[in-house]
Amino acid sequence: MLHIDLYGRTFSLHRPADLETMWEKMADDEYFADERIPYWVELWPASIVLAKWLLRHEASIAGSPCLDLGCGLGLCTQAAASCHARVVGADYEVQALNYARHGPPNYQPWTWLGMDWRKSCLRPQTFPFIFGADILYEARFFSPLLSLWNQLLAPGGKIWITAPDREVSRPFWKRILPESGWEFCCVFQEEVSFQSYRNMQISLWEISSQSQSRSRPG
């Protein structure tokens, strides 16, 4: 179990093992089934930066429907729940959710949801806040995410994405996102050292749609 202390709040994350141990135990057929590498067992530095951002914006998200995409072990979902947001923690890996739901009872979300980004099961324009930590690590995710954001982001809504600088994700920011009609900017950066990660630079991007006239939420 991992215990993370942020701004006077302790978040507990349950997991079966670390990534290296889980990977060694995987059978070949498990890997080739949609390349299901168990990245969810790790707590990535981008999750810490996003969780801290949510806690600092408690007044904005309190009482609001929020969607945590690729929630993994659930740190950012717990952080949003601790701010009294009506948050949904969503992940493709149901196994991740089985561990995430064992977090502190006072930081449980509105619901945990197993969902394929390519097949949304949520009502359109539901969420004024959508966020995700380190979810742009493969190019095959770009198109499904853009489609999902178009479906689910409420008018005037914001998307917050935290990520390190990766070569694979640079086209998303430089070409794909602007060509798709989204406004975006890097609003925060932090250098994180956590466990085996040392001095990793994490950027937080704020994204909004310009496809229709929208007023930002307060």
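Caption draft 1: Structural detail: the pattern of salt bridges. Enumeration according to the criterion identifies seven salt bridges in this entry. A salt bridge links E58 to R9; the shortest N-O distance between them is 2.7 Å. Here E58, found in helix α4 (residues 58-61), pairs with R9, found in strand β2 (residues 9-13); they are 49 residues apart in sequence, far enough to count as distant. Classification of E58 by relative accessible area gives partly exposed; the value is 22%. Salt-bridge contacts for D134 lead to R166; the nearest nitrogen and oxygen are separated by 2.3 Å. Highlighted residues: D134 in the loop between β6 (127-133) and α7 (142-152) and R166 in the loop between β7 (153-164) and α8 (170-179), separated in sequence by 32 residues.

Caption draft 2: Region of the structure containing the sheet that holds strand β8 (residues 182-194). Strands sit in the order β5-β4-β3-β6-β7-β9-β8 across an open sheet of seven strands; the sheet is mixed. Where the open sheet ends on each side, the last strands, each with one partner, are β5 (111-114) and β8. Direction aside, neighbouring strands of the sheet carry axes that sit 20° apart on average. Pairing analysis gives four bridges linking strand β3 (residues 65-69) to β6, with the strands arranged parallel. Opposite L69, over in β6, you have G132 as the bridge partner. Strand contacts of helix α3 (residues 45-56): β6, β7, β8 and β9 (197-209), with the helix running at about 115° to β8, the strand carrying the most contacts. Relative to the sheet, α8 contacts β7, β8 and β9, its axis offset from that of β8 by approximately 145°.

Caption draft 3: Representation of the pairing of β8. Strand direction decides the pairing type here: β8 and β9, joined by 11 bridges, are antiparallel. By the bridge assignment, C185 is partnered in β9 with E206. Linking two consecutive strands that pair antiparallel, namely β8 and β9, is a turn of two residues; a positive phi of about 50° is found at Q195 within it.

Caption draft 4: Spatial organisation of the packing of aromatic side chains. Applying the stated criterion to the full structure yields 15 aromatic pairs. Summarising the aromatic geometry, the rings of W53 and W160 are spaced 5.9 Å apart at their centres and angled 80° between planes, so their arrangement reads as edge-to-face. Of this pair, W53 sits in helix α3 while W160 sits in strand β7, placing them 107 residues apart in sequence. Pair check on accessibility: W53 and W160 agree, each one buried. Here the aromatic rings of W53 and F188 are separated by 6.0 Å at their centres, their planes lie at 40°, and the arrangement is tilted. Taken as a pair, W53 in helix α3 and F188 in strand β8 lie far apart in primary sequence, 135 residues in all. Exposure remark for F188: the relative accessible area of 24% places this residue in the partly exposed category. An aromatic cluster is defined as three or more aromatic residues linked by ring pairs; in this entry it consists of F142, W149, F172, W173, W182, F184 and W205. The aromatic ring of F188 is capped on one face by R56, whose charged end is 4.8 Å from the ring centroid.

Reading guide: rules and limits
Residues numbered from 1 in each chain as written. Predicted model: local features only at pLDDT ≥ 70, side-chain atom pairs only at ≥ 80, totals over all residues. Heavy atoms only, no water. Salt bridge = Lys/Arg side-chain N within 4 Å of Asp/Glu carboxyl O. Helix = DSSP H or I, 4+ residues; strand = E, 2+ residues; numbered from the N terminus. Buried < 20%, exposed > 50% of the residue type's maximum accessible area, 1.4 Å probe, protein only. Pairing = 2+ DSSP bridges. Axes fitted to C-alpha atoms, helices over the stretch in contact; angles between N-to-C directions. Contact = heavy atoms within 4.5 Å. Phe/Tyr/Trp six-rings, centres within 6.5 Å; stacked < 30°, edge-to-face > 60°. Lys NZ or Arg CZ within 6 Å of the ring centre and 35° of its normal.

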